[in-house]
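What follows is each chain in one-letter form.
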Amino acid sequence: MKKKTDNRVVIFDTTLRDGEQCPGASMGLREKLEVARQLARLKVDIIEAGFPIASPGDFEAVRAVSEQVKGPIIAGLARCLEKDIVRAAEAVEPAGSRGRIHVFLATSAIHRQYKLRKAKEEIVKQAAVGVAMARKYVEDVQFSPEDASRTEPEFLAEVCRAAIDAGATTINIPDTVGYAVPEEFGALIGYLHEHVQGIHEVTVHVHCHNDLGLAVANSLAAVKNGARGIECTINGLGERAGNCSLEEVVMAMRTRHDFYDLSTGIKTREIFRASRLVSQLTGMVVQRNKAIVGANAFAHESGIHQDGMLKERSTYEIMQPEDVGISGTELVLGKHSGRHAFSNHLHKLGFRLSTEELAKAYDAFIELADKKKTIYDDDLVAIVQQQMTEAPPIYTLQYLHVSTGSDTVPTATVRLQRNEELMQDAACGDGPVDAALKTIDRICNLQGRLLDFTLQAITSGKDALGEVSIRVDFGDQIVNGKASSTDIVEAGARAYVNCINRYLADHMDAEPAVPSAKPKRKAGSKKK
Ligand code: KIV
Ligand code: ZN
């Protein structure tokens, strides 16, 4: 078998397209742009920014990313249909020569029979016509035979060849339903390299889903067999069980360079920041024991391990936390640190803030330094990301007081500011968080239904920053929000105000009619 000799693997990030298809992980335009900018800092090769025909929001996002994000290639997804291709071409047009159209068409027997009701010959023809049409708009056309891993290999080879003949520059082999296993998937990639004429002239990608927890293993097996592009997402976000996780697959190739002899262009020190940002914006919490970016990924608990680490790090550490941008144990600044030191330190951490953003972040830092003795890099990252991702401050929390206890009816008093106006109210609830959220509802004349409330400690210690992630249903829209504070009720209240601001920002034109959308928030049964 003639294998690819170039040992550079292209990283195609689809967090904004397949990742966003993850239930509950949808993002607005501002959030997508933030993520795309971080992906550019991470130096991914290609950003799949969305599926432009799917909705006006998707179209706008692909177009805005194409206009504003410099560096990576920007791809827009399209079925092999004229209306999709025209829309995708329009969306990626501002990216100029960095614009890519990614066309797909299902090829497996099960999809042909039940979904498309098309014979093999029709599929081959539609794939070729789709690719050729896309080539009229852009030079860079990617073709994906959907459900490739469950397609008869000979037929898959035939479709790939037709797509290459029609002008595809990248062929992507998806394991759409996460059915493949590593040896089999690797062999399929090897088979295509042997049986598809012209395949050595294009880049072969793989796109693996994680239904059996094998997306990373399958992608690695594929690059061992000649693939030179991996499609993946930050935190492995994606449809159902998600996609191949970018951080895992990149760090596997880097850490086991001795075995793979492959490299990527990824700036791995940006990985942790990308992970936190995506988690923050989607409200999808990263599990503590998640490889590479989970809170426990570099934590050594057992005495034997700690002893070994003190003697020689490599006894129990195959990667260093700094390699992926984790520096949580570094004590940085205190409450007497001035603006200059603060700004210098943020610069070192890679943040480039405007004067206004810096002023806001500094105020938040001073407020935190008043409550928390030791401030770590992770605390600073949380503060800054919160500033950068906060929705426009229509309402801001000015004051919160809760009274609670085992024999007390939990009661909250809240003061919010909107423009120059200060609004105050009080309410009781099933717990202090419920009371605070009910009071905020009363002031804003909105009633969101709390779907999810997750609390995570950002750093260690009793005075650690607690980060609250919530999901709120406002009846016509579900909104995610996060906030951090040393006080978890305050973090919950701030996250909730953030959700309200985000909701109102999206419905600005509809104001003041907005308050009429009033589904009742479910009274929590437990005290939070
Ligand atoms: O999983 C899949 O098959 C896809 C294609 C559109 C590439 O996401
Ligand atoms: Zn997919």
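To be clear, the structure that these remarks concern was listed above.
Being a predicted model, the structure only gives us computed values, none of them experimental. Here, residues in each chain are numbered from 1, in the same order as that chain's written sequence. Going through the entries in the order they are written, you letter the chains from A and number the ligands from 1. Confidence filtering applies because this is a predicted model: local features only for residues at pLDDT of at least 70, side-chain atom pairs given and counted only at 80 or more, and all residues used for totals across whole chains, interfaces and linings. Computation of side-chain values covers all heavy atoms of the structure but excludes hydrogens and water.

S.K.: What should I look at first to understand the nonpolar core in this one?
M.R.: Most often, soluble globular proteins keep nonpolar side chains buried together rather than apart. Throughout this description, the term nonpolar core refers to a set of buried Ala, Val, Leu, Ile, Met, Phe, Trp, Tyr and Cys residues connected via side-chain atoms within 4.5 Å. Exposure classes here rest on a 1.4 Å probe applied to the protein chains alone. A residue is buried below 20% of its type maximum, exposed above 50%, and partly exposed in between. In terms of nonpolar packing, the biggest core is built from 97 residues, with Ile-101, Val-103, Phe-143, Ile-173 and Ile-230 touching the most fellow members. Considering each element in turn, this core owes the most residues, eight residues, to helix H6 (residues 153-165). Per the annotation, domain bounds derive from an automatic or database assignment of domains. Taken domain by domain, this core gets at least three of its residues from each of domain 1 (10-282) and domain 2 (298-328). If we skip the residues at most four places from it in the chain, Ile-173 touches Pro-145, Ala-148, Cys-160, Phe-185, Leu-188, Ile-189, Leu-192, Val-204, His-205, Val-206 and His-207. A run of DSSP states H or I qualifies as a helix once it reaches four residues; a run of E qualifies as a strand once it reaches two. Both are numbered from the N-terminal end. Contacts are assigned to residue pairs that have any heavy atoms within 4.5 Å of one another.

S.K.: Just checking my understanding: could you explain the site of ligand 1 for this structure?
M.R.: What surrounds ligand 1 is the set Arg-17, Asp-18, His-102, Phe-104, Ser-144, Glu-146, Asn-172, Pro-174, Thr-176, His-207 and His-209. At 2.6 Å from an oxygen atom of ligand 1 is found a side-chain nitrogen or oxygen belonging to Thr-176. Contact between ligand 1 and His-207: an oxygen atom at 3.1 Å from a side-chain N or O atom of the residue. Of all the elements in the fold, those that place two or more residues in the shell around ligand 1 are strand S4 (99-106), strand S5 (140-146) and strand S6 (170-175). Only Asp, Glu, Lys and Arg are considered charged, only Ala, Val, Leu, Ile, Met, Phe, Trp, Tyr, Cys and Pro nonpolar, and every remaining residue, Gly among them, polar. When the residues that make up the shell around ligand 1 are grouped by side-chain class, the tally is two nonpolar, six polar and three charged. The near set for a molecule or strand comprises every residue that places at least one heavy atom within 4 Å of it. A 3.5 Å cut-off defines polar contacts: any pair of N or O atoms within that distance qualifies, except that in protein one atom must be a possible hydrogen donor and the other a possible acceptor, and neighbouring residues in sequence count only when both atoms are side-chain atoms.

S.K.: How should I be thinking about the packing of aromatic side chains in this particular structure?
M.R.: When we look at a pair of aromatic rings, we describe it by the centre distance and by the angle of the planes. In summary, the pairing rule links any two rings of Phe, Tyr or Trp, Trp by its six-membered ring, whose centres are within 6.5 Å, and it sorts them by plane angle into stacked for under 30 degrees, edge-to-face for over 60 and tilted for everything else. This structure, assessed with the given rule, holds six aromatic pairs. Pairing Phe-342 with Tyr-362 gives two aromatic rings, centres 5.3 Å apart and planes at 65 degrees, and the pair type is edge-to-face. With Phe-342 in helix H13 (residues 339-348) and Tyr-362 in helix H14 (residues 355-371), this pair connects stretches of sequence that are 20 residues apart. Like Phe-342, the residue Tyr-362 is buried in the burial classification.

S.K.: What is the right way to look at the coordination of the zinc ion (ligand 2) in this model?
M.R.: Ideal values differ by geometry: the angle at a metal is 109.5 degrees with four tetrahedral donors, but 90 or 180 degrees with six octahedral donors. Think of the donor list as every N, O and S atom within 2.8 Å of the metal, or within 3.2 Å for Na, K and Ca; water never makes the list, so a site can look incomplete. For the zinc ion (ligand 2), the full set of protein donor atoms is Asp-18 (OD), His-207 (NE2) and His-209 (NE2), at a range of 2.0 to 2.1 Å. Summarised as a motif, the one-chain spacing of the donors to the zinc ion (ligand 2) is D-x188-H-x1-H. The same class applies to His-207 and to His-209, which are both buried.

S.K.: Teacher, can you tell me more about the pattern of salt bridges here?
M.R.: When the charged atoms of two side chains lie near each other, side chains of opposite charge can form a pair. Here a salt bridge means any side-chain nitrogen of Lys or Arg lying within 4 Å of a carboxyl oxygen belonging to Asp or Glu. Scanning the model with the defined rule gives 31 salt bridges in all. The residue Lys-290 makes a salt bridge to Glu-248 at a minimum N-O spacing of 2.6 Å. Taken together, the residues span a long stretch of sequence, with Lys-290 in the loop between helix H11 (271-282) and helix H12 (303-311) and Glu-248 in helix H9 (residues 246-255) at a distance of 42 residues. Look at Lys-290 and you get buried, because its relative accessible area is 10%. Judged by relative accessible area, Glu-248 falls into the partly exposed class, the value being 22%. A salt bridge links Arg-494 to Glu-367; the nearest nitrogen and oxygen atoms lie 3.9 Å apart. Placement of Arg-494 in helix H17 (residues 488-506) and of Glu-367 in helix H14 is noted, with a sequence separation of 127 residues between them. Taking the relative accessible area as the measure of exposure, Glu-367 reaches 41% and is therefore partly exposed.

S.K.: Help me out: how do you make sense of the packing of helix H5 (residues 120-137) against H6 in this one?
M.R.: The contact between H5 and H6 brings their axes to 8 Å, and the two run at 30 degrees. Considered as vectors, H5 and H6 are oriented roughly parallel to each other. By crossing handedness, the relation of H5 to H6 is classed as right-handed. Contacts from Lys-120, Ile-123, Val-124, Ala-127, Ala-128 and Val-131 of H5 reach H6 at Phe-155, Glu-158, Val-159, Ala-162 and Ala-163. When grouped by side-chain class, the residues that make up the contact of H5 with H6 number nine nonpolar, no polar and two charged. Axis definition: a line fitted to C-alpha atoms, limited for helices to the stretch in contact. Angles are taken between N-to-C directions and run from 0 to 180 degrees. Between 65 and 115 degrees an angle is taken as roughly perpendicular, under 35 as roughly parallel, over 145 as roughly antiparallel, and anywhere else as oblique. For any pair of crossing helices, the crossing counts as left-handed if the nearer helix is rotated counterclockwise from the farther one by less than a right angle, and right-handed if it is rotated clockwise.

S.K.: How should I be thinking about unusual backbone geometry in this particular structure?
M.R.: Phi is positive for Arg-117, which is not a glycine, with a value near 50 degrees. Along the chain, Arg-117 turns up in the loop between helix H4 (109-116) and H5.

S.K.: Help me out: how do you make sense of the pairing of strand S8 (residues 229-232) in this one?
M.R.: For a regular strand, side chains alternate in direction, first toward one face of the sheet and then toward the other. Side chains of S8 alternate between two faces, with Gly-229 and Glu-231 and Ile-230 and Cys-232 buried alike. Following DSSP output, two strands are said to pair if at least two bridges run between them. The pairing of strand S1 (residues 10-13) with S8 spans four bridges and is parallel. Bridge pairing in S8 links Phe-12 to Glu-231. Across three bridges, strand S7 (residues 203-208) lies against S8 in parallel orientation. Directly across from His-205, in S8, lies its bridge partner Gly-229. Viewed with both strands pointing away, a crossover whose connecting path from the first strand over the helix to the second turns clockwise is right-handed. As for the winding sense of the linkage, the β-α-β connection from S7 through helix H8 (residues 215-224) to S8 is right-handed.

S.K.: Would you explain the sheet that holds strand S14 (residues 449-457) in this entry?
M.R.: As a general point, the strands of a sheet are linked pairwise by backbone hydrogen bonds and lie either parallel or antiparallel. With respect to topology, three strands assemble into an open sheet ordered S14-S15-S16, the strand pairing being antiparallel. Only two strands of the sheet have a single partner each, and these edge strands are S14 and strand S16 (478-485). Strand-to-strand twist across the sheet, computed as the mean angle between neighbouring axes with direction ignored, equals 15 degrees. In the packing of H11 onto the sheet, contacts are made with strand S15 (466-473) and S16, and the angle to S16 comes to roughly 125 degrees.

S.K.: I tried to follow the side chain of Thr-282 on my own but got confused; where do I start?
M.R.: Among the structural elements, Thr-282 can be located in helix H11. You can call Thr-282 buried: its relative accessible area is 0%. In this structure the side chain of Thr-282 is engaged in a polar contact, spanning 3.2 Å, whose partner is the backbone nitrogen of Met-284.

S.K.: How do you make sense of the sheet that holds S4 when you look at a structure like this?
M.R.: The strand order S1-S2-S3-S4-S5-S6-S7-S8 describes a closed barrel built from eight strands, whose pairing is parallel. Sheet twist, expressed as the mean angle between neighbouring strand axes with direction ignored, is 25 degrees. Two strands pair when backbone bridges link them, and strand S3 (residues 73-79) and S4 are joined in this way by six bridges, in the parallel orientation. When the sheet's bridge partners are listed, Gly-76 is paired in S4 with Ile-101. The sheet strands contacting H4 are S4 and S5, and the helix crosses S4 at an angle near 85 degrees.

S.K.: What should I look at first to understand the side chain of Arg-273 in this one?
M.R.: Mapped onto the elements, Arg-273 comes out in helix H11. In terms of polar contacts, Arg-273 uses its side chain to reach the side chain of Glu-270, at 3.3 Å.

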